[in-house]
Amino acid sequence: MILDRILAHKRAELASRKRIMPLNELEKAAQGLPAPLPLAPSIRRSGELAVIAETKKASPSKGILCKNYNPVKIVAAYEQAGAAAISVLTEEKFFLGHPCHLVLVKRAVRIPVLRKDFIIDPYQIYESRALGADAVLLIVAALSPALLAELTKLAGDLGLSCLVEVHTERELSQALAYGAEIIGINNRNLHNFVTDLSVTFNLIDLIDLNKITVVSESGIKNKGDILRLKERGVHAALVGEALVRCAEPGQGLIKLTDFRAGG
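Residues numbered from 1 in each chain as written. Predicted model: local features only at pLDDT ≥ 70, side-chain atom pairs only at ≥ 80, totals over all residues. Heavy atoms only, no water.

In the annotation of an unreviewed UniProt entry, the protein is listed under the name Indole-3-glycerol phosphate synthase and assigned to Pelotomaculum propionicicum. UniProt, in its Catalytic activity (unreviewed entry) section for the protein, records the words "1-(2-carboxyphenylamino)-1-deoxy-D-ribulose 5-phosphate + H(+) = (1S,2R)-1-C-(indol-3-yl)glycerol 3-phosphate + CO2 + H2O". Heading Sequence similarities (unreviewed entry) of the UniProt record for the protein holds this comment: "Belongs to the TrpC family." (UniProt positions renumbered as here; feature names shortened; annotations may be inferred.)

Here it is as C-alpha cells:
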C-alpha cells in the first residue's frame, strides 16, 4: 500500500530530524512569529467556489509533474490569478518537496499557506509553525483517533488551522467527532491512488454546510468539475496537478475558474 510505505519512511525521517533539531529548539523557533492567517474565511466565499492552489513537483502515481520547478514563481502566479490559499507539498521522498519550499512560499504571498505533508507527530505541528505555515493537513487515515485529537488541539493552541482530510464515511464521522471545522474530502484513495470525484458527492450530504467548511481534493481537472462541485455546495477545491502541469499555472487557474469564457 502506498500510504503504508509513505508513513514508514516518514517515521524514519522524523527520527533523524529530531536528532538534528530537538523539540525544545523547535518550540523556541516557533515563538514570536506573526500570527497565522485563518484559513476558513479565505476559502469560504459567498456564492463562489474558492481554489486552494497547490504547488508540487511530483507525485508517487504520476512521477514528475513540473520539470523546471520553481515554487515561488508558481505561487506568485496563483495569487495574482485569484487563488484563495496556497498548498505546499513538503514531503521529500515521494513528492520531491522540501520544508524550505514552505518558507519561501510564505514570504512570497499574502494569502494563507497550508503545509501539505504526512503529519503523524506533534513535532511536525511545531515544525509547521516554525516554517511559517498558517494551516496543516491532518489525514484521518494516517492517524489514530487519540493522535488526531492531540494534533488538532496542539495546532489550535499554536493558532494553526487544520484541514482534516477524509475519504470514507467512517473517517468523516471521526473528523466530526473531534470537532473538525474544515473538512477536506479526498477523492483519491491513498491506498491505491485511484481518484473518483463521486467521493465528494457521496460524503457532502452527511455534513452540515452551515457549520463546516468543505474542501474537495484531488482529481479536479477542468471547469466542469469545478462547476459540479459548486452546484453541490462545496466551498473550495484543492487543485494541484491540473495547474502545475500547465506551462503557465496562473493562466491555468484563470481558465479553470472563469465561467464567462467558453470551453
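So, next bit.
K.L.:
What should I look at first to understand the environment of Asp196 in this one?
P.N.:
Inspection of the secondary structure assignment puts Asp196 in the loop between β8 (182-186) and α9 (198-203). Judged by relative accessible area, Asp196 falls into the partly exposed class, the value being 40%. A polar atom in the side chain of Asp196 sits 2.8 Å from the side chain of Ser198. (Helix = DSSP H or I, 4+ residues; strand = E, 2+ residues; numbered from the N terminus. Buried < 20%, exposed > 50% of the residue type's maximum accessible area, 1.4 Å probe, protein only. Polar contact = N/O pair within 3.5 Å; in protein donor to acceptor, adjacent residues only side chain to side chain.)

K.L.:
Would you mind going over the UniProt feature "domain: Indole-3-glycerol phosphate synthase" (unreviewed entry) in the protein with me for this structure?
P.N.:
In the numbering used here, UniProt assigns the feature "domain: Indole-3-glycerol phosphate synthase" (unreviewed entry) to residues 3-249. Taken end to end, residues 3-249 has its terminal C-alpha atoms 28 Å apart, with 41% of it in helix and 18% in strand.

K.L.:
What's the story with the nonpolar core in this structure? I'm lost.
P.N.:
Grouped burial of nonpolar side chains is what soluble globular proteins tend to show. The biggest cluster of nonpolar side chains holds 89 residues, and the ones touching the most others in it are Ile43, Tyr78, Ile86, Ile125, Leu138 and Ile183. Apart from residues lying up to four places away in sequence, Ile43 is in contact with Ala50, Ile52, Ala84, Ala85, Ile182, Thr213, Val215, His235 and Ala236. (Core = buried A, V, L, I, M, F, W, Y, C linked by side-chain atoms within 4.5 Å. Contact = heavy atoms within 4.5 Å.)

K.L.:
Looking at this structure, I do not really get the pattern of salt bridges. What am I missing?
P.N.:
Pairs may arise between side chains of opposite charge once their charged atoms sit close together. Enumeration according to the criterion identifies 16 salt bridges in this entry. Residues Glu241 and Lys62 are paired through a salt bridge, measuring 3.0 Å at the closest nitrogen-oxygen approach. Taken together, the residues span a long stretch of sequence, with Glu241 in helix α11 (residues 241-244) and Lys62 in the loop between β2 (58-59) and β3 (63-64) at a distance of 179 residues. We classify Lys62 as partly exposed; its relative accessible area is 43%. Linking Arg228 and Asp225 is a salt bridge whose minimum nitrogen-to-oxygen distance equals 3.6 Å. (Salt bridge = Lys/Arg side-chain N within 4 Å of Asp/Glu carboxyl O.)

K.L.:
What exactly am I supposed to notice about the packing of aromatic side chains here?
P.N.:
In this description, an aromatic ring pair is defined by two values, namely the gap between the centres and the angle between the planes. By the definition in use, this model includes one aromatic pair. The ring of Phe94 has Lys93 sitting right over it, with the charged end atom 5.7 Å from the ring centre. (Phe/Tyr/Trp six-rings, centres within 6.5 Å; stacked < 30°, edge-to-face > 60°. Lys NZ or Arg CZ within 6 Å of the ring centre and 35° of its normal.)

K.L.:
Which parts of the structure should I look at to understand the state of the cysteines?
P.N.:
By definition, a disulfide is the covalent link that joins the sulfur atoms of two cysteine residues. What the rule picks out here adds up to zero disulfides. With no disulfide partner, Cys100 has as its closest neighbouring cysteine sulfur the one in Cys66, 15 Å distant. The exposure class assigned to Cys100 is partly exposed, which follows from its relative accessible area of 37%. Free cysteine: Cys246, not disulfide-bonded; nearest cysteine sulfur from Cys66 at 10 Å. (Disulfide = S-S within 2.5 Å.)

K.L.:
In this structure, what is going on with helix α5 (residues 99-108)? I would like to understand it.
P.N.:
In an α-helix, one turn spans 3.6 residues, which is why side chains three or four residues apart end up on the same side. All of the buried residues along α5 are Pro99, His101, Leu102 and Val105. For α5, the buried positions fall inside an angular range of 145° around the axis, keeping them on one side. Buried residues in α5 make contact with β1 (50-55), α4 (71-80), β4 (85-89), β5 (113-116) and α6 (122-131). (Arc of directions from axis to C-beta.)

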